[in-house]
Amino acid sequence: MAVRDGVVAWLGSDAVGREQFPQAELIDLDGALVTPAFVDSHIHVTETGLCRTGLDLRPATSARHCLELIADHAAAHPGQPIWGHGWDESGWPDGAAPDTAALDAVVGDRPAYLSRTDVHSALASTALRNRVPGLPQGPDAAAPLSGDAHHLVRAAARGLLTAGQRAEARTAALAAAAAAGIVAVHECAGPDIAGLDDWLELRALSEHRPGVEVIGYWGEQVGSGAQARELIAETGARGLGGDLFVDGSLGSHTAWLHDPYADAAGCTGMCHLDADAVTAHLWACTEAGVTAGFHVIGDAAVSSVIAALERVVEHFGVPAVARCVHRLEHLEMVSAEQAAKLGAWGVIASMQPVFDALWGGDDGMYAQRLGAARAAGLNPFALLASQGVPLAFGSDSPVTALDPWATVRAAAHHRTAGSAVSMRAAFAAATRGGWRAAGVNDGITGTLVPGAPASYAVWEAGRLAVEAPLDTVQRWSTDPRSRVPVLPVLDSGDTPRCRRTVHRGVILHG
């Protein structure tokens with residue numbers, strides 16, 4: 001491969017290349033694998049960095065272990081507010097999170113904010129709760145906070161972070177993305193995520209130095225085309241979506257369902273954005289030619305957005321809607337009829353396959369929350385692809401790790417039979433799919449062909465599909481017409497190690 005001025009200039013055999021480019025700098029990769037670089041279609045950069053530089057509770061195996069990790073961190077950082085992330089009680093033996101009293105016993109009078117792995121509920125110490133008037137009182141006051149109460153306490157905790165902490169976190173997150181072979185991320189910002197200041201700081205950082213490209217979405221509802229244009233101008237975002245919450249998450253019992261949760265009698269979750277507001281937002285963004293999007297997980301939330309899209313399509317027509325590249329984040333519970341509509345309208349499905357790897361199957365968190373029958377229908381990648389819905393894959397980091405090969409493997413090894421896509425399709429959704437979701441649809445970005453941006457990664461990859469046994473080759477084979485390279489065999493659980501990441505000819509890592 002020859003690269004000139006950040007663009008792929010030529011591809012071919014080694015001997016021909018040396019003859020055609022006699023003055024070129026030669027880099028011998030010694031048998032390494034070169035692929036198009038990854039795009040993470042849903043991430044929270046500052047929160048990802050805070051998890052890396054601060055308190056990571058994902059290793060916790062029980063409520064007691066979780067409290068031990070918090071206590072160790074508190075002892076190592078005396079006098080500082082505590083920000084942590086990642087606990088998940090659904091896999092613990094007792095199945096219960098610590099209460100506020102237990103948390104206070106290890107942090108004392110220090111403000112502590114500890115988000116659940118899905119970031120839709122959180123533990124908060126009394127010292128932090130006291131900073132937020134109007135939080136729930138009574139018997140349930142000691143339980144993890146969700147919904148509006150969680151948003152309020154999160155904002156209070158966010159206000160305790162220093163500018164230096166935020167800057168350090170962003171730098172750490174973007175460095176980790178580059179080290180994972182990722183050259184672009186879709187930052188899903190919003191008032192209830194990290195606030196406008198955080199997004200503007202991140203945007204300024206990404207604009208003033210070469211590095212991982214940050215494509216921003218701002219999750220704030222608007223009611224007119226003029227408001228949509230003004231908000232885009234104010235924020236500099238690519239679209240008004242990302243985590244614009246219609247509902248919450250299954251793990252926190254806040255995803256909005258038609259029927260109650262299997263493990264919470266009478267509970268159908270939360271609706272954060274009613275049908276009229278959803279329709280108004282879609283209408284305004286389509287009128288302004290702006291990408292709209294929503295966070296939707298539960299089937300009731302999906303139905304609400306589909307109904308709004310139908311009204312907008314009826315008024316503006318399919319071409320106008322498709323041109324806006326509207327997108328739905330997560331889209332875990334979707335029917336065949338709904339998938340067919342989304343495919344016909346050109347709506348992007350921005351999804352996180354590792355969700356299924358972590359929480360799918362007959363005995364996972366999804367089955368706990370919904371029962372095995374309903375859980376089996378979640379994250380139907382094959383269904384959506386079969387109906388022509390464009391797929392874009394990401395991590396929702398810090399919810400899951402920045403590991404794009406794990407994303408590809410999870411999509412191709414879905415825990416429900418019939419819901420997986422091929423490795424080729426999964427890789428495309430994790431590379432070209434992210435560019436397409438961002439409105440870049442030139443047919444070459446995200447591939448390695450002459451004229452494409454030189455955005456690629458170099459991997460120590462072990463076995464490739466062509467070296468694998470015949471049955472593996474058949475399962476993982478790549479049609480040359482797809483412009484997806486020969487890919488590594490991921491069956492063993494090992495993932496390739498990134499040796500170098502390059503974006504538009506600039507080395508970001510290695």
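Residues numbered from 1 in each chain as written. Predicted model: local features only at pLDDT ≥ 70, side-chain atom pairs only at ≥ 80, totals over all residues. Heavy atoms only, no water.

**Some thoughts on the overall build of the protein**
Link 1 in the chain: A count of helices and strands for the protein gives 21 helices and 19 strands.
Link 2 in the chain: Compactness check: the protein gives a C-alpha radius of gyration of 23 Å against a globular reference of 24 Å for 510 residues, within 12% of the reference.
Link 3 in the chain: When its C-alpha atoms are laid out on the principal axes, the protein stretches across 80 × 55 × 50 Å.
Link 4 in the chain: The burial tally for the protein puts 55% of its 510 residues in the buried class.
Link 5 in the chain: Intrachain contacts of the protein at a sequence separation of at least 6 include 74% that bridge at least 24 residues.
Link 6 in the chain: Surface accessibility of the protein: about 20,200 Å² in total, with carbon and sulfur atoms responsible for 52%.
Link 7 in the chain: Each charge class in the protein was averaged separately, 36 positive and 56 negative side chains, and the resulting centres sit 5 Å apart. (Helix = DSSP H or I, 4+ residues; strand = E, 2+ residues; numbered from the N terminus. Rg over C-alpha atoms; globule rule 2.2 N^0.38 Å. Buried < 20%, exposed > 50% of the residue type's maximum accessible area, 1.4 Å probe, protein only. Contact = heavy atoms within 4.5 Å. Areas by Shrake-Rupley, 256 points an atom, 1.4 Å probe, with all protein chains shown as cover. Lys, Arg positive; Asp, Glu negative; His and termini not counted. Charge placed at Lys NZ, Arg CZ, Asp CG, Glu CD.)

**Focus on the environment of A175**
Link 1 in the chain: With respect to the element layout, A175 can be found in helix 7 (residues 163–179).
Link 2 in the chain: With 333 residues separating them in the primary sequence, A175 and L508 have C-alpha atoms 8.2 Å apart.

**Concerning helix 3 (residues 63–76)**
Link 1 in the chain: Here helix 3 contains 14 residues, and its C-alpha end-to-end distance of 20 Å stays within 8% of the 20 Å for a straight helix at 1.5 Å per residue.
Link 2 in the chain: All buried positions along helix 3 are accounted for by A63, C66, L67, I70, H73 and A74. When helix 3 is viewed along its axis, its buried side chains cluster within an angular range of 125 degrees and face the same direction. More than 90 degrees from the buried face of helix 3, the exposed residues found are R64, D72, A75 and A76.
Link 3 in the chain: In this structure, the buried side of helix 3 is in contact with strand 5 (55–56), strand 6 (82–87), helix 4 (100–107) and strand 7 (112–116). (Expected span 1.5 Å × (residues − 1). Arc of directions from axis to C-beta.)

**Some points on the sheet that holds strand 18 (residues 497–503)**
Link 1 in the chain: Ordered in space as 3-17-18-19, the four strands form an open sheet in which the pairing is antiparallel. Each of the sheet's edge strands pairs with one partner strand only, and the pair in question is strand 3 (33–36) and strand 19 (506–509). Shown here is a sheet whose adjacent strand axes are inclined to one another by a mean of 25 degrees, direction ignored.
Link 2 in the chain: Across three bridges, strand 18 lies against strand 19 in antiparallel orientation. For T501, the partnering residue across the bridge sits in strand 19 and is H509. (Pairing = 2+ DSSP bridges. Axes fitted to C-alpha atoms, helices over the stretch in contact; angles between N-to-C directions.)

**Thoughts on the packing of aromatic side chains**
Link 1 in the chain: Tallied over the full model, the rule gives 12 aromatic pairs.
Link 2 in the chain: For the ring pair F38 and W459, a centre distance of 6.0 Å and an interplane angle of 75 degrees mean the geometry is edge-to-face. Of the two residues, F38 is situated in strand 4 (residues 38–43) and W459 in strand 17 (residues 456–460); the sequence distance between them amounts to 421 residues. As far as the burial class goes, F38 and W459 line up, both buried. (Phe/Tyr/Trp six-rings, centres within 6.5 Å; stacked < 30°, edge-to-face > 60°.)

**What about the packing of helix 11 (residues 299–316) against helix 13 (residues 336–345)?**
Link 1 in the chain: Helix 13 packs onto helix 11 with a crossing angle of 40 degrees between their chain directions and a minimal axis gap of 11 Å. Considered as vectors, helix 11 and helix 13 are oriented oblique to each other. Note on packing geometry: the crossing formed by helix 11 with helix 13 is left-handed. Side by side, helix 11 and helix 13 meet where V302, S303, I306, L309, E310 and V313 of the first sit next to Q338, K341, L342 and W345 of the second.
Link 2 in the chain: When its residues are assigned to classes, the contact of helix 11 with helix 13 shows six nonpolar, two polar and two charged. (Parallel < 35°, antiparallel > 145°, perpendicular 65-115°, else oblique. Left-handed = near helix turned anticlockwise from the far one by under 90°. Nonpolar A, V, L, I, M, F, W, Y, C, P; charged D, E, K, R; others polar.)

**Describing the environment of R432**
Link 1 in the chain: Inspection of the secondary structure puts R432 in helix 20 (residues 432–437).
Link 2 in the chain: Judged by its relative accessible area of 24%, R432 falls in the partly exposed class.
Link 3 in the chain: Placed 30 residues apart in sequence, R432 and L402 show a C-alpha to C-alpha distance of 17 Å.

**Here we look at the confidence of the model for the protein**
Link 1 in the chain: Within the protein, residue pLDDT values average 92, and 94% of them lie at 70 or more.
Link 2 in the chain: Confidence over residues 467–479 falls short of pLDDT 50; this stretch has 19 contacts with residues more than four positions distant or in other chains. (pLDDT = per-residue confidence, 0-100.)

**So, the sheet that holds strand 5**
Link 1 in the chain: Strand order in this open sheet of five strands is 5-6-7-8-9, and the pairing throughout is mixed. The open sheet terminates on both sides in strands that have one partner only, identified here as strand 5 and strand 9 (145–146).

**A closer look at unusual backbone geometry**
Link 1 in the chain: In this structure, the amide linkage connecting S397 to the following residue, P398, adopts the cis form with an omega of 20 degrees.
Link 2 in the chain: Along the chain, P398 turns up in the loop between strand 16 (391–393) and helix 18 (404–412).
Link 3 in the chain: Of note in the backbone geometry, H330 takes a positive phi value of approximately 80 degrees without being a glycine.
Link 4 in the chain: A relative accessible area of 1% means that H330 is categorised as buried.
Link 5 in the chain: A positive phi angle is found at L331, which is not glycine, with a value near 45 degrees.
Link 6 in the chain: By the element assignment, L331 lies in the loop between strand 14 (327–330) and helix 13.

**Section: the domain arrangement of the protein**
Link 1 in the chain: For the protein, the assigned domains read domain 1 (48–159) and domain 2 (166–438).
Link 2 in the chain: On a C-alpha basis, the centroid separation for the pair domain 1 and domain 2 is 26 Å.
Link 3 in the chain: The largest share of the area that domain 1 buries against domain 2 comes from T48, H120 and R158, three residues that together contribute 29% of it.
Link 4 in the chain: Our count for the contact surface shared by domain 1 and domain 2 stands at one salt bridge.
Link 5 in the chain: A salt bridge links R369 to E89, with the nearest nitrogen and oxygen atoms 3.0 Å apart.
Link 6 in the chain: Of all the elements, helix 2 (residues 45–53) adds the most residues to the side of domain 1 that touches domain 2, at six residues. (Domains from an automatic or database assignment. Buried area = accessible area lost by both parts, 1.4 Å probe. Salt bridge = Lys/Arg side-chain N within 4 Å of Asp/Glu carboxyl O.)

**Focus on the side chain of D40**
Link 1 in the chain: Positionally, D40 belongs in strand 4.
Link 2 in the chain: One buried charged residue, D40, forms no salt bridge at all, with the nearest opposite charge on R327 at 8.1 Å.
Link 3 in the chain: Separated by 2.6 Å, the side chains of D40 and S395 make a polar contact. (Polar contact = N/O pair within 3.5 Å; in protein donor to acceptor, adjacent residues only side chain to side chain.)

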